[in-house]
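What follows is the residue order along each chain.
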Amino acid sequence: MQAFFKPDSAAHVEVEGRRLINFCGNDYLGLARDPRLAVAFAAASAELGVGAGASHLISGHGREHERLEAALAAFTGCEQALLFSTGYMANLAVVTALAGRGALLLLDRLSHASLIDAALLSRARLCRYPHGDAAGLKRLLERRAAPARPVSIATDGVFSMDGDLAPLPQLVALAQARGASLIVDDAHGLGVVGPGGHGTLAHFGLGGDAVTALVGTFGKAFGTFGAFVAGSAALIEHLIQSARTYIYTTALPQPLAAATRAALEIAQRESWRRERVLALTARFRAAAGAAGIALTASPTPIQPILLGSSEAALAASRALEAAGLWVAAIRPPTVPAHAARLRVTLSAAHTEAEVDRLVATLARILPVPP
Ligand SMILES: *Cc1c(COP(=O)(O)O)cnc(C)c1O
């Protein structure tokens, strides 16, 4: 059975009648419940209706889609952007478009499940390289990429369960040297990482044109729902003509596009949100480190605490819940075997006192390392 969650503020959630501080959402900038997004949504609904009424190519594509796509192209530094209803569908589209039957597709071992499913659907030959290991990828390229074979490389920008960054400068160099396409899914980087929150590419000083396709989602830092692919005009045209998850599905509701454009504007104008979630991340790491809690090297608001067994992760999650804190246990197959964890996430909506309370509670309830 699925638990019932009722968000009652940007940082709190009601779980089966109890109000808990939510430390496992993806609302990094605290925008999901921002009233300005609701106003933008309501205004667009009143004018254009809630539902798109058809797929983009038939009669569902409208003004708000166009405006958001233009704003996303500008934000990512890519020539064009194309909206999708979900990040899952965007990944299916872009991977199947760039890696067909007969191609070799190289995927980071810890890539998001939607990239893995996309790889299976593409019918490309799939090889997974060790997590974050550009040298391992290079060896695979040397061994497996016969000269005539088309090659694609795909990775998360920020890894969703670990919070670390892909070594994008090395991946870009390898892709360029081999003439391979490179797909970066920056669902957790955009809005949070890099100068101005422009994402993991910007963090490394790379422009949008360094990759073949950049995937972003709206359900994380932008607090709404939906996704996009950004890239060259030729890539976007190819997706419009061929991507089945674009063609054979109802267009994203225009009010969602309007609310997302409002979120994108607020995220850029109110840079304190990004600064705040990063400051709270630093506070969490410093306090947890001082309390002897083992952290990973993640520089993002995703701060996993590895516990090994599913039982240990569940027990820790329950103990936090009893103390008024909600941190879901993440277990295999979402993460590799023996890598069950608490996936702590921070938000600009948290207070310093809430972060301190989380650390103090973790210090009390976590098993003492041998
Ligand atoms: C959340 C997520 C997705 C899926 O996006 P949805 O819009 O929720 O379908 C894809 N990739 C990554 C890395 C994600 O974290």
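Residues numbered from 1 in each chain as written. Predicted model: local features only at pLDDT ≥ 70, side-chain atom pairs only at ≥ 80, totals over all residues. Heavy atoms only, no water.

Novice: If you had to explain the pattern of salt bridges to someone new, which residues and values would you point to?
Specialist: When the charged atoms of two side chains with opposite charge come close together, those side chains can pair. Following the criterion strictly, the structure yields 13 salt bridges and no others. Close ionic contact of Glu64 with Arg63 constitutes a salt bridge, the shortest N to O distance being 2.9 Å. Note on Glu64: relative accessible area 3%, which makes it buried. (Salt bridge = Lys/Arg side-chain N within 4 Å of Asp/Glu carboxyl O. Buried < 20%, exposed > 50% of the residue type's maximum accessible area, 1.4 Å probe, protein only.)

Novice: How would you sum up the pairing of strand β8 (residues 181-185)? Please name residues and give values.
Specialist: Most of β8 is tucked away: 5 of the 5 residues are buried. Alternating positions in β8 separate into two faces, Ser181, Ile183 and Asp185 on one and Leu182 and Val184 on the other, with burial throughout. Here strand β7 (residues 151-156) runs beside β8; their pairing, made up of 5 bridges, is parallel. The residue of β8 that forms the bridge with Ser152 is Ser181. Considered for its hand, the β-α-β crossover made up of β7, helix α7 (residues 168-178) and β8 is right-handed. (Helix = DSSP H or I, 4+ residues; strand = E, 2+ residues; numbered from the N terminus. Pairing = 2+ DSSP bridges. Right-handed = clockwise from strand over helix to strand, strands pointing away.)

Novice: Describe the sheet that holds strand β6 (residues 125-129), and please don't skip the residues or the numbers.
Specialist: Paired through their backbone hydrogen bonds, the strands of a sheet run either parallel or antiparallel. With mixed pairing, the 7 strands of this open sheet are ordered in space as β4-β10-β9-β8-β7-β5-β6. Only two strands of the sheet have a single partner each, and these edge strands are β4 (80-84) and β6. If you compare each strand with its neighbour and ignore which way they point, the axes differ by 20 degrees on average. The pairing of strand β9 (residues 213-217) with strand β10 (residues 227-231) spans 5 bridges and is antiparallel. What sits directly across from Val215, in β10, is Val229. Where helix α9 (residues 233-242) meets the sheet, it contacts β4, β9 and β10, and its direction lies at approximately 135 degrees from that of β10. (Axes fitted to C-alpha atoms, helices over the stretch in contact; angles between N-to-C directions. Contact = heavy atoms within 4.5 Å.)

Novice: So what about the domain arrangement of the protein chain? Which residues, and what values?
Specialist: When its domains are assigned, the protein chain resolves into domain 1 (5-28 + 271-365) and domain 2 (35-269). Between domain 1 and domain 2, the C-alpha centre-to-centre distance is 27 Å. Listed as interface residues are 20 residues of domain 1 and, on the opposing side, 25 residues of domain 2. Here domain 1 packs against domain 2, burying approximately 1,500 Å² in sum over the two surfaces, 59% of which is carbon and sulfur. Where domain 1 meets domain 2, there are 1 salt bridge. Across the salt bridge formed by Arg341 and Asp162, the nearest N and O atoms sit 3.0 Å from each other. In this assembly, domain 1 and domain 2 are joined by 7 residue pairs in polar contact (both at pLDDT 80 or more). Counting residues per element, the side of domain 1 that touches domain 2 draws most heavily on helix α12 (residues 272-290), which supplies 3 residues. Along the lines of polarity and charge, the residues of the side of domain 1 that touches domain 2 split into 9 nonpolar, 6 polar and 5 charged. (Domains from an automatic or database assignment. Buried area = accessible area lost by both parts, 1.4 Å probe. Polar contact = N/O pair within 3.5 Å; in protein donor to acceptor, adjacent residues only side chain to side chain. Nonpolar A, V, L, I, M, F, W, Y, C, P; charged D, E, K, R; others polar.)

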